[in-house]
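# Descriptive structure summary
Residues per chain, in single letters:
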Amino acid sequence: QVQLVESGGGLVQAGGSLRLSCAPSGSIFSIYFMGWYRQAPDKQRELVATMTSSGNTNYADSVKGRFTISRDNAKNTVYLQMNSLKPEDTAVYYCNARGEVDPINAFDAWGQGTLVTVST
């Protein structure tokens, strides 16, 4: 079973920056999609940023120009660089990865979530 390990959350003042990381544990054959989602208190989980294996990216309008998703293919690690953070960015951030553990078995895994708190 693929598990995703996230790191990098914490408390930061408005205007500051954080970088989140996410990497799978265990053996992976391939990953074709990685992304970040977030869930604020009393709100539904929403897409933040995604990246395909070909490098295509997609961002929520609310984070465009401030957040950047990137990937280290050699490490199967995805990053979310968050700049100019706002209090409304406060949420639990979840990593998602989809791929194959071998040529015939796919996976769709989520991380445990990492809390990002932006203070005024």
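This text gives an overview of the structure that appears in the document. Since we're looking at a predicted model, the values are computed, not measured.

### Thoughts on the sheet that holds strand β8 (residues 77-82)
- Within the open sheet, the 4 strands sit side by side as β1-β3-β8-β7. Their pairing is antiparallel. Two strands bound the open sheet, and with one partner strand each, they are β1 (3-7) and β7 (67-72). Taken over all neighbouring pairs, the strand axes of this sheet differ in orientation by 20° on average, direction set aside.
- As defined by bridge partners, β7 adjoins β8 across 6 bridges and the pair is classed as antiparallel. Looking at β8, one finds that Ile69 is bridged to Leu80.

### A closer look at the state of the cysteines
- Enumeration according to the criterion identifies 1 disulfide in this entry.
- With a sulfur-sulfur separation of 2.0 Å, Cys22 is cross-linked through a disulfide to Cys95. Its S-S torsion of approximately -80° makes the covalent link between Cys22 and Cys95 left-handed. With Cys22 in strand β3 (residues 18-25) and Cys95 in strand β9 (residues 91-102), this pair connects stretches of sequence that are 73 residues apart.
- The class of Cys95 is buried, set by a relative accessible area of 0%.

### Overview of the nonpolar core
- Core analysis: the largest hydrophobic core is formed by 31 residues, its most contacted members being Trp36, Val48, Phe67, Ile69, Leu80, Met82 and Tyr93.
- Within the residue set of this core, elements represented by two or more residues are β3, β4 (30-39), β5 (46-52), β7, β8, β9, β10 (105-110) and β11 (114-119).
- A total of 4 residues in this core trace back to one element, the largest contributor, which is β9.
- Excluding residues that lie within four positions of it along the chain, Met82 makes contacts with Gly16, Ser17, Leu18, Leu20, Arg66, Phe67, Tyr93 and Val116.

### Considering the layout of surface pockets
- Put simply, the largest pocket is a space of about 160 Å³.
- Surrounding the largest pocket, 13 residues form its lining, Arg38, Lys43, Glu46, Ser62 and Glu88 being those nearest its centre.
- Partitioning the lining of the largest pocket into residue classes produces 2 nonpolar, 4 polar and 7 charged.

What counts as what
Think of each chain on its own: its residues are numbered from 1, step by step along the sequence as written. With pLDDT at 70 or above as the cut-off, local features in this predicted model cover only qualifying residues; side-chain atom pairs require 80 or more to be listed or tallied, and sums for whole chains, interfaces and linings still use all residues. Side-chain measures here rest on the full set of heavy atoms in the structure, leaving out hydrogens and waters. In short, DSSP must find at least two bridges between two strands for them to pair. To qualify as a helix, a DSSP run of H or I must reach at least 4 residues; to qualify as a strand, a run of E must reach at least 2; elements of each kind are numbered from the N terminus. The axes used here are C-alpha line fits, helices contributing only the stretch in contact, and every angle between their N-to-C directions lies in the interval 0 to 180 degrees. Cysteine sulfur atoms that pair up within 2.5 Å are treated as a disulfide. Think of it in three bands: with a 1.4 Å probe and only protein chains considered, a residue is buried below 20% of the maximum accessible area for its type, exposed above 50%, and partly exposed in between. Residue types Ala, Val, Leu, Ile, Met, Phe, Trp, Tyr and Cys, when buried and joined through side-chain atoms within 4.5 Å, form a set referred to as a nonpolar core. Two residues form a contact once any of their heavy atoms are found within 4.5 Å. Every definition here rests on a 1 Å grid over the protein atoms only: cavities are sets of points where a 1.4 Å probe fits but cannot get out, pockets are open sets enclosed by protein on both sides within 12 Å along at least five of seven lines, and lining residues have some atom within 4 Å of a point. Grid points are joined across faces, edges and corners, and a volume is the space filled by probe spheres set on the points. Under the grouping applied here, Gly and all other residues not named as nonpolar or charged are polar, the nonpolar ones being Ala, Val, Leu, Ile, Met, Phe, Trp, Tyr, Cys and Pro and the charged ones Asp, Glu, Lys and Arg.

That's the geometry; what it means functionally is another story.
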